[in-house]
There are 2 protein chains.
Amino acid sequence: MFSGPVRPTPGAVSPARPAGLARIDGGFWAERRRVNAEVSLAEGPERLEAAGNLANFRAAALARTGGGAVPPDFAGDFPFQDSDVYKWLEAACWQMADTSDGDPSDGHTPDGHDGHDGRLAAAVDAVVDVIAAAQREDGYLQTYYQLGGREPWTEPRWGHELYCAGHLIQAAVAHHRATGSGRLLAVARRFADHIDSVFGPGKHVDTVCGHPEAETALIELYRTTSERRYLELARYFLDRRGHGSLSAGADRGHGHDPGPEYWQDHTPVRAADEVTGHAVRQLYLLAGAADCAAETGDPGLRAAAERLWRDMVTTKTYLTGGVGSRHDGEAFGDAYELPADRAYTETCAAIASVHFSWRMALLTGEARYSDLVERTLFNGFLAGAGLDGRTWLYVNPLHRRARPHQRPGDQSAHRTPWFRCACCPPNVMRLLAALPHYAATTGGDGLYLHQYATGVFGSDGLTVRVTTDYPWDGTVTVNVEAAPERPRALALRLPAWCPRYTLALNGTALDGAPESGWLRVTRAFAPGDTVRLDLAMEPRLTVAGPRVDAARGCAAIERGPLVYCLEQTDQPGGLDPDDFALDPDAPLTVERRPDLLGGVSTVSAVGRRRAEEEEPDGDGFAADWPYRPLGAGERPLGAGEPPYGAGERPYGERPYGERPYVTTRTSGERVRVTAVPYYAWANRDAGAMRVWLPLTGQGSLTATGRSHGAGALHTGEPGGEQRLQ
Amino acid sequence: MFSGPVRPTPGAVSPARPAGLARIDGGFWAERRRVNAEVSLAEGPERLEAAGNLANFRAAALARTGGGAVPPDFAGDFPFQDSDVYKWLEAACWQMADTSDGDPSDGHTPDGHDGHDGRLAAAVDAVVDVIAAAQREDGYLQTYYQLGGREPWTEPRWGHELYCAGHLIQAAVAHHRATGSGRLLAVARRFADHIDSVFGPGKHVDTVCGHPEAETALIELYRTTSERRYLELARYFLDRRGHGSLSAGADRGHGHDPGPEYWQDHTPVRAADEVTGHAVRQLYLLAGAADCAAETGDPGLRAAAERLWRDMVTTKTYLTGGVGSRHDGEAFGDAYELPADRAYTETCAAIASVHFSWRMALLTGEARYSDLVERTLFNGFLAGAGLDGRTWLYVNPLHRRARPHQRPGDQSAHRTPWFRCACCPPNVMRLLAALPHYAATTGGDGLYLHQYATGVFGSDGLTVRVTTDYPWDGTVTVNVEAAPERPRALALRLPAWCPRYTLALNGTALDGAPESGWLRVTRAFAPGDTVRLDLAMEPRLTVAGPRVDAARGCAAIERGPLVYCLEQTDQPGGLDPDDFALDPDAPLTVERRPDLLGGVSTVSAVGRRRAEEEEPDGDGFAADWPYRPLGAGERPLGAGEPPYGAGERPYGERPYGERPYVTTRTSGERVRVTAVPYYAWANRDAGAMRVWLPLTGQGSLTATGRSHGAGALHTGEPGGEQRLQ
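What counts and what doesn't
Residues numbered from 1 in each chain as written. Chains lettered and ligands numbered in written order. Predicted model: local features only at pLDDT ≥ 70, side-chain atom pairs only at ≥ 80, totals over all residues. Heavy atoms only, no water. Helix = DSSP H or I, 4+ residues; strand = E, 2+ residues; numbered from the N terminus. Buried < 20%, exposed > 50% of the residue type's maximum accessible area, 1.4 Å probe, protein only. Contact = heavy atoms within 4.5 Å. Areas by Shrake-Rupley, 256 points an atom, 1.4 Å probe, with all protein chains shown as cover. Salt bridge = Lys/Arg side-chain N within 4 Å of Asp/Glu carboxyl O. Pairing = 2+ DSSP bridges. Polar contact = N/O pair within 3.5 Å; in protein donor to acceptor, adjacent residues only side chain to side chain. Phe/Tyr/Trp six-rings, centres within 6.5 Å; stacked < 30°, edge-to-face > 60°. Lys NZ or Arg CZ within 6 Å of the ring centre and 35° of its normal. Lys, Arg positive; Asp, Glu negative; His and termini not counted. 1 Å grid on protein atoms, 1.4 Å probe; cavity = no way out; pocket = protein on both sides within 12 Å on 5 of 7 lines; lining within 4 Å. Points joined across faces, edges and corners; volume = space filled by probe spheres on them. Nonpolar A, V, L, I, M, F, W, Y, C, P; charged D, E, K, R; others polar. pLDDT = per-residue confidence, 0-100. Expected span 1.5 Å × (residues − 1).

1. Thoughts on the overall build of chain A
Next up, step 1: The secondary structure content of chain A amounts to 15 helices and 24 strands.
Next up, step 2: Looking at chain A as a whole, 66% of its 725 residues are labelled buried.
Next up, step 3: Taking the contacts inside chain A whose residues are at least 6 apart along the sequence as the reference set, 72% of them involve residues at least 24 apart.
Next up, step 4: Accessible surface, chain A as shown: approximately 22400 Å² in total, 50% of it carbon and sulfur.

Take a look at the structure:
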C-alpha cells in the first residue's frame, strides 16, 4: 500500500508512478528528516496552540454544540489559519507512515509506527478529534466563518474556504494512507460533498476560491475514494477560473484588490502562456492542472502545464530554484526580473514548485522535472528551514546587505520561530515528511531513481538499496536486493548540473549516453548486482544569461546540486561580501567540515578585497554622488573644439575629474574567502550574504590592470593592449 | 511681495532666501509650465469633480447645514482625498501669481493675473467657496470624517487628518501670497487653532499624524501670520515623532501595520542616521525639520537634516534623482538597493526630495542641494508628467522590459489620466507652478542662480535677465537689467555634472575656480553688464559605484543635466533594448530633433545587437535553464584525476558542455541606437526602455573577442592574450 502523496489511479495516463517502496534511512536527507520529526513535528502542536489555531477549532465546536455558551472570538488575523493545522497533520501522517526506524524488511506496509514511541500518533489522534468536533452538521468546516457570525461562501476572493478544505482533504488522505483509518477521511468527504452541493453552474455559488489548492486535493480524494464526482469538481474549478468570477465585488465585504492575476483569474489556465501573479497560487493551480491532465488525459491541460513550467524555468526561476521575485503581491515578476537582494522566493513557493514539477515528472516521465526538484530541494526550499528545526525563513533572498539597523518585521533578515502568517513552517514539514516519495518512480520498464538518498526503493519486484553521501560526494551505489526474473530497467537520472560521470555495473564501466537525462541499465537483475554512478563533483562557477540583469558581471559558486554563498561571518577579518571580487582563474578548493553547520563541505575561492574608496576631494555634490563619468578626467579637450570658440579659454577644470572612478580596485588585497551551502545560511548571525559574486575584470572598468582610462570616450588616443576593444 | 513657497522669516538663520523676483518666461521650463497651466491646471477641477473629491466637500457642507437632509457617503477609497483638492488649489494660486504673461517690469507684485483670462481665478474662487462651506464650526475640516459618522482624531496612523490640514494650510498660504486675500487663510487658521487646542502634551491627543506634512505647513503659516504658536506646534510634532505614539492600537480601528518606519515613528528625527520607511513621509518630515531648523536655529535638527540628506544621496538615490526603491511600502530600500526594473521612485517622492533639498539650500547656502534639485527636476520628477499635461506616471522605473501581456493596474507601465490614489498629479502641478521660486536666492552678498532658465531674477536691487537654451545648450547668458551702486556678487552654480566650463564678463574670460560649486563674480554691476557661462555639453557615459549591483557592467548615457534612455520604438528594426550592448569606445553623437517629443536632443550610440541564442541542443533541463557553467566544456579532465580512479573511464560527456555559454555575443550585428531624454519616455507606446546599458566587454565573459574559454577554471592552459587576467 502506497503511503505517500500523489497516487495516480490505474486509469491515469501518467507513464510514471511513485515507487511503492520509498524509504530514506541514511545520509543528508535522513538527518534533515530526523530533525523534522523530532523537533519540528513534535513541537508543532505547541506552536499551533500558542498561535490560537487549535483554540479556534475548539471554539467552533463549542459554537456548534455548546447549548448557548458563548465561544471565544476567532484568534488570529487570517481566515486561512485552519490550514496550518491541516498541513501539520498531513506532515505528521506522512511521518507516521515512514518506516525507516521500523521493520526494514517490510517498509511499505504502513503500521502506524512513527519512531516517537507513539507520541506523534497520539498527537495526531488528538488533533483529529478537535477537527472532527468542529465540523458542522452539513459538512462545512472553517472556524473563521463559524466564529463571529460570518457567513460562509460570501468571500471567494479572500475567504480561503476551498483552500482550507483542500488542506483538510490532503491531511485526510495522508491520514488514511498512513494509518488505514477512515475517520478523518469521513470528515473530509462530508465537507467535499457539501462543497459539491454548493458549487457549480446553476448552484448556490458559481465561482472559484481566491487561492487554488482544492484542485489537487479533490483529485487525491478521487484517487483514494474512487468517487468520480471529486475529479469532476476539480475539473470544474480548473475550468471556471480565468473567466472573471473573482472580479471586483465578488467578495461581499470587498477588501483589497490586487488584480485578477493575483488569484489566477486573469486567463483560463489552458490559455495562459506565462506564469504570473501570486507564485504559490499559480503553482498550486498548475499542480492541480497536472493532476487533472493525468487522470483525464486532457491534452490542453497537459500542454498548458508543460508550456508554463518551461516559461517558469527559462525566465522566472532563481539559481536556487526559488520562484516568485516580488514582495509586492508575493508574485512572479516579469521575465528575467530576478533581483538577488529583493528576491521574495517564498519558502512555500519553492514547495509549490516541487509539487508541480513532481506531478509533471509523473505525467511525462521526463527527467527535466526532477532536475528542477533537486535544485529546489537542496537550495531554495531547504534554506527556508533552520538547521535547528524550529526557526524559519519566509523570504529567501540571494543577497543580504550588511545593515546599520535591523528593520522590524523584516522576514528576510533572520530566522523566526513562527509567523503571524504561518503557512511556510508546516509546509516545510509536510514536504520533508513525504520526501522519500519524491525520489523514485516505476515506469513500464522498471525503476527510476529521480533523487539520490541513502535508502531503499522498489517497485514491481525490483528492490534496490541506495548508498550515497550525496550531495557531498558524487558516488551513488545501487545494490539490487530483490529482482524479478524478467529484464527490467534501472534508470538513474544524470543531474543536469553534472558535466561528467562514470557508470559501472558490478565494477565494469558502461558505455552509453544518457537518453533525455536518464542513464538506463536494462537486464535481468539478480540480488547482489551493483550499479555505481560517479558524478564529477568539482566546484564550479556559474554565470547567468545576459537578460538576467541582477547577475551581470557575476558568478555563483556551485558544487553538485548545491548553490553556495558567502556569509560575512566566515570571511577573513569579517570581510563584507559586498567588498569582494572573485578571481575566476584562481582555483576553488573544497573542504569537508563536519563541525560546521551540521556538517558541510565548504568551497574556498580567491579574489580581491575592494580597496577603500579614496577620500573624496572637496565637499561638493560629486563627493557624495555614487555615479561617475566613465573615464572622467581622461580627456583633455583641444582648444577651439566645438561648441566653444577659441576665444573662450581657459576652461575651468573640475577637481573631481582627476579622481579615478573606482569600480573594483585591483589594488585591493588578495583574499581567500569561504563559501557555505546556501541552504545553511542565516543559521549563525544576521550578517551580509551573497550568492552572485562580482568577478575581477568583469563589471569593472578599472579592474585587472585596465586603468580608468580604458573605455574613455572617443578620445582617439592609442589605448595600447590594455584598452577595452 | 514674495509670491512663492518657503519664505523664511527675517529671524531665520538661513543665509539664503528665495529671490524676491523669479520669473521664467522662455525656454524649456516655460513650455512645460505653459502645458501645466493650460492643460493640467485648467482641467484639474474636472478631474476632481469626476473623482468625487469636490462632491465630498459639498456633502460635508450639507451634513453641517442641511437641516436633516441626508448627505451622500464619502466618495472614494482614501481618507486623504481632500488633499488632492488642496494641492490643485495651491498650484493654481502659484500659477495665478506668475506674471510671465503679465507686466514684465513689475513681476514681483501679485496682481491676480493668471494668463487664463480670469478662468483660473474663477475656478479658484469656486473651490475656496466649496472648502469654506464644509468647515465645521470648531474649525475641523476633513470630509472623510465629517461624512459617514466617523470620529475625528481616532486614527492617527491612517486618518491623514494633519496631513490634509497641512495641505489646506499650504494652499491657504499660496492663496494669500498670490491674491492678497485672507479668505482661505482664515479657514486654515481656524483649523490650525483647532488642532492647537486638541494636540499636545496633556491635551486631548498627544501623538502625531501617520503622514508628515503639517510640520512644513504650520511653519509656513507662522511665516505668513507671525503667530509663533504655529511654529511651536510644528516643533511639537517634530519632537513627538519617533517615540512610539503610532504603535499598534494607536488607531481605534487598527488597520494594516506596515511597521514604525513606514510612518517615521521608529526613531526621533534628531537621532536618525538613515533615510528609511515610506519615502514621501520621510522627506516631508525632513523638509519640516529643515524649516524648523531655519526658524529656530536648532543645531540638532540641522545636523540630522544634513546627515540624512547625505545618506540619501550617497546610498539611496537613483541616477535620475528618484528615490524610494521599494514597491512594498513605497519605501526607501537598503543602502545601494537601487533596482532599475522595480524602481518605485514615486513621482511624489521626487517632489518631496526637491522640497527637502531646496530647504537645505536655503538653510546652508550650499550649491550641492541644488545639484540634486536640478537632477531630480529634469529626470525623476519630470518623467512623472506626460508631455500632454494630462497623463501621469506614479512609478518611475529605469528599466521596462518588453512584456507579452500588460498587467492590469501596473502603474509603471504606461501613463494614466488619473489615479485612484491621485497624490502625484496635483503635486506635479504645484511644483511646476512654483518652479521659478526654486531657481534663485539672495544671500548677504548678492544674487545666486541655482537653476538655469530663461527669465528674470532679482533681489535687493540687482535684477538680471537670463537667456538660455538649457538643457539642450550649455550657454547661459546673464544680462544685468538693474543694479545697486555698491558691489554685489552674482553667483552661478557650476553643475556637478559639468567637467569643463568657461565664464566670461562682457566678453572677457574670467579665471577663477568655483568655491563649493559657486562661480562668483563680484563687482558694482551696471545695467548692460553680461556674464556668460558656457558649460561643456558633450554627451557622456556614466557608471555606478561598485555597490550598486543593479548597474554593474553598464553605463548610462547623460548629457548636461539629462539622463537618457533607449526606448524600443526609436531603435532600428524595433530592437529590444535588452538585446543591445553598448560599445564604450564608439562616439556618441547629438542631434537636435525639434519634431520629436516636443523638441529634444537625441544621443545616438553604437554597439552590438545580441546574437540570437543558439538552438539548444537536446531537450533536457539544461536547454531551458538560464544559468550555465563558466567556461563549460573547456576543460578536458585528465585520466585518473581525483576524485575518480583510473579504472573508471570512460567518462560520459554532457552534450551541453560543448555549447559555449553566450553572454554578449560579439557576433551580433553592429547597430546604432538612439537615446531620448528619460523624462520623455513612455509618451508614445508601452515598449521596452532601458537607462543602464550593458557595455560590450563588460559583464560579459564572451564579448569583445574573449572566447568562452576565457575565465575557465584553473585549467593551467595558456590562455594567450585574450585571456582575462
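Having put the structure on the table, let's press on.
2. Let's talk about the pattern of salt bridges
Next up, step 1: The final tally for this structure, using the stated rule, is 128 salt bridges over all chains.
Next up, step 2: For the salt bridge of Arg-228 of chain A with Glu-232 of chain A, the shortest nitrogen-to-oxygen distance reads 3.7 Å. Here Glu-232 of chain A and Arg-228 of chain A lie together in helix H9 (residues 228–240), a separation of four residues that amounts to about one turn.
Next up, step 3: A relative accessible area of 43% means that Arg-228 of chain A is categorised as partly exposed.
Next up, step 4: On the basis of relative accessible area, Glu-232 of chain A is assigned to the partly exposed category, the value being 34%.
Next up, step 5: Arg-500 of chain B is the salt-bridge partner of Glu-538 of chain B, the closest N and O atoms lying 2.4 Å from each other. On the criterion of sequence distance, the pair formed by Glu-538 of chain B in the loop between strand S13 (530–535) and strand S14 (540–544) and Arg-500 of chain B in strand S10 (residues 500–505) is long-range, its members being 38 residues apart.
Next up, step 6: Judged by its relative accessible area of 8%, Arg-500 of chain B is buried.
Next up, step 7: In this structure, a network of salt bridges that share partners links the residues Asp-341, Arg-401, Asp-576, Asp-578, Asp-579 and Arg-690 of chain A together with Arg-547, Asp-549 and Arg-552 of chain B.

3. With respect to the sheet that holds strand S9 (residues 488–493) of chain A
All names here are of chain A.
Next up, step 1: The strand order across the open sheet built from five strands is S1-S4-S5-S9-S12, with neighbouring strands paired in mixed fashion. Of all strands in the sheet, those with a lone pairing partner are strand S1 (17–18) and strand S12 (518–523), marking the two edges.
Next up, step 2: Note: S9 against S12, six bridges, orientation antiparallel. When the bridges of S12 are listed, Leu-492 appears paired with Leu-519.

4. So, the environment of Thr-442 of chain A
Residues and elements named next belong to chain A.
Next up, step 1: Assignment of secondary structure puts Thr-442 in strand S4 (residues 440–442).
Next up, step 2: On the accessibility criterion, Thr-442 (9% relative accessible area) is buried.
Next up, step 3: Expressed as a C-alpha distance, the spacing of Thr-442 and Pro-15, which sit 427 residues apart in the sequence, is 8.4 Å.
Next up, step 4: A polar contact is formed between the side chain of Thr-442 and the side chain of Asp-460, at a distance of 2.9 Å.

5. Observations concerning the packing of aromatic side chains
Next up, step 1: In total, this model carries 62 aromatic pairs over all chains according to the counting rule given.
Next up, step 2: Both rings, one in Trp-472 of chain A and one in Tyr-679 of chain A, keep their centres 6.5 Å apart while their planes meet at 45°; by these two values the pair is tilted. One end of the pair, Trp-472 of chain A, is in the loop between strand S7 (462–468) and strand S8 (475–482); the other, Tyr-679 of chain A, is in the loop between strand S22 (670–677) and strand S23 (689–690), and 207 residues separate them in sequence.
Next up, step 3: On the basis of relative accessibility, which here comes to 2%, the residue Tyr-679 of chain A falls in the buried class.
Next up, step 4: With a centroid separation of 5.4 Å and an interplanar angle of 85°, the aromatic rings of Tyr-262 of chain B and Trp-263 of chain B are classed as edge-to-face. Residue Tyr-262 of chain B shares its accessibility class with Trp-263 of chain B, and that shared class is buried.
Next up, step 5: Among the aromatic residues, those joined into a cluster by ring pairs are Phe-28, Trp-29, Phe-378, Tyr-452, Tyr-470, Trp-472 and Tyr-679 of chain A.
Next up, step 6: Over the aromatic face of Tyr-144 of chain A sits the side chain of Arg-150 of chain A, whose NZ or CZ is 3.9 Å from the ring centroid.

6. Regarding the sheet that holds strand S9 (residues 488–493) of chain B
Residues and elements named next belong to chain B.
Next up, step 1: Read from one edge of the open sheet, five strands run S1-S4-S5-S9-S12, paired in mixed fashion. The open sheet has two free edges, formed respectively by strand S1 (17–18) and strand S12 (518–523), since each of these has just one partner strand.
Next up, step 2: Across three bridges, the pairing between strand S4 (residues 440–442) and strand S5 (residues 446–449) is antiparallel. Within S5, the residue paired with Ala-440 across the bridge is Leu-449.

7. A closer look at the side chain of Arg-32 of chain A
All names here are of chain A.
Next up, step 1: Note on placement: Arg-32 falls in helix H1 (residues 27–50).
Next up, step 2: Although buried, Arg-32 forms no salt bridge, and the nearest oppositely charged side chain, Glu-31, lies 6.8 Å from it.
Next up, step 3: Of note is the side chain of Arg-32, whose polar atom sits 3.4 Å from the backbone oxygen of Gly-386.
Next up, step 4: Discounting chain neighbours no more than four positions away, the residues touching Arg-32 are Leu-382, Ala-385, Gly-386, Leu-387, Leu-432 and Tyr-679.

8. Re empty space enclosed by the protein
To find leftover empty space, one rolls a probe the size of a water molecule over the atoms.
Next up, step 1: Computed from the structure, the largest cavity encloses a volume of approximately 260 Å³.
Next up, step 2: Lining the largest cavity are 22 residues, with Pro-339, Asp-549 and Ala-550 of chain A together with Asp-549 and Ala-550 of chain B positioned closest to its centre.
Next up, step 3: Grouping the amino acids of the lining of the largest cavity by side-chain chemistry returns twelve nonpolar, two polar and eight charged.

9. Looking at the side chain of His-160 of chain A
All names here are of chain A.
Next up, step 1: Examined against the element boundaries, His-160 turns out to sit in the loop between helix H5 (143–146) and helix H6 (161–179).
Next up, step 2: Looking at His-160, the relative accessible area reads 4%, which means it is buried.
Next up, step 3: At 3.4 Å, the side chain of His-160 forms a polar contact with the side chain of Arg-281.
Next up, step 4: In contact with His-160, other than residues within four places in its own chain, are Phe-80, Gln-142, Cys-209, His-211 and Arg-281.

10. Brief notes about the confidence of the model for chain A
All names here are of chain A.
Next up, step 1: When pLDDT is averaged along chain A, the result is 87, and 86% of the positions lie at 70 or above.
Next up, step 2: Of the regions scoring below 50 in pLDDT, residues 102–113 engages in 20 contacts with residues more than four places distant in sequence or in other chains.
Next up, step 3: Every residue in residues 698–725 scores below 50 in pLDDT, and together they form 89 contacts with partners more than four places removed in sequence or on other chains.
Next up, step 4: Two numbers describe this predicted complex: its pTM, 0.91, and its ipTM, 0.89.

11. Some details on helix H2 (residues 53–65) of chain B
All names here are of chain B.
Next up, step 1: For H2, spanning 13 residues, the distance from its first C-alpha to its last is 19 Å, which sits close to the expected 18 Å at 1.5 Å a residue.
Next up, step 2: Along H2, the residues that are buried comprise Asn-53, Leu-54, Asn-56, Phe-57, Ala-59, Ala-60 and Ala-61.
Next up, step 3: For H2, the secondary structure elements touched by its buried residues are helix H1 (27–50), helix H3 (82–97), helix H4 (119–134) and helix H5 (143–146).
Next up, step 4: Once H2 ends, the next one or two residues include Gly-67, with phi positive near 60°.

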